[in-house]
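Fold and geometry: a report
Next come the chains, spelled out residue by residue.
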Amino acid sequence: IMSGTNLVSTFIRSDNKPALVLLAVDASKNTKKLIESASRHHKVVCISTSYTMDQFSCAIGASYYISCIAVLDRGFADMIVTKLHESDNHLSLQEV
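Now for a look at the structure at hand. Only a predicted model underlies this, so the values are computations on that prediction, with no experimental measurement involved. (Residues numbered from 1 in each chain as written. Predicted model: local features only at pLDDT ≥ 70, side-chain atom pairs only at ≥ 80, totals over all residues. Heavy atoms only, no water.)

Side chains that differ in sign of charge can pair as their charged atoms come close. In the structure shown here, the tally under the stated rule is 1 salt bridge. A salt bridge links Glu86 to Lys83; the shortest N-O distance between them is 3.9 Å. Note that Glu86 and Lys83 are positioned in helix H4 (residues 74-87) at a spacing of 3 residues, about one turn of the helix. (Salt bridge = Lys/Arg side-chain N within 4 Å of Asp/Glu carboxyl O. Helix = DSSP H or I, 4+ residues; strand = E, 2+ residues; numbered from the N terminus.)

Another aspect to go through is helix H1 (residues 5-12). Listing the buried residues of H1 in full gives Thr5, Val8, Ser9, Phe11 and Ile12. Axial view of H1: buried residues confined to an arc of 165°, hence all on one face. Exposed positions of H1 whose direction lies more than 90 degrees from the buried face are Asn6 and Thr10. For H1, the elements touching its buried residues are strand S1 (2-3), strand S2 (20-23), helix H2 (29-41) and strand S4 (68-71). (Buried < 20%, exposed > 50% of the residue type's maximum accessible area, 1.4 Å probe, protein only. Arc of directions from axis to C-beta. Contact = heavy atoms within 4.5 Å.)

This part is about the packing of H1 against H2. Relative to each other, H1 and H2 sit at 15°, their axes nearing to 9 Å. If you check the angle between H1 and H2, you find them roughly parallel. For the element pair H1 and H2, the recorded crossing hand is left-handed. Touching Thr5, Val8, Ser9 and Ile12 of H1 are Thr31, Leu34, Ile35, Ala38 and Ser39, all from H2. Residues of the contact of H1 with H2, tallied by class, amount to 5 nonpolar, 4 polar and no charged. (Axes fitted to C-alpha atoms, helices over the stretch in contact; angles between N-to-C directions. Parallel < 35°, antiparallel > 145°, perpendicular 65-115°, else oblique. Left-handed = near helix turned anticlockwise from the far one by under 90°. Nonpolar A, V, L, I, M, F, W, Y, C, P; charged D, E, K, R; others polar.)

See below:
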């Protein structure tokens, strides 16, 4: 897992792309635009969730707010997508 706008954005553009990118509901418009655009251009699945930056931070044990998370492992990413669909009807999935 990678977190943070700059790191996730750079990683999306790399040769070793993430399997999934998650966006917090309260991420800034600029962050959402940057990550969604990069994901679309580089064919990376990006999901806008209903979870907040604080919830993301708690989930990965970060002491600072996290607006986006990149998941590297395909199996883990698939499990996350399945669980999100089971528990949250307010997902915005950007299929590529």
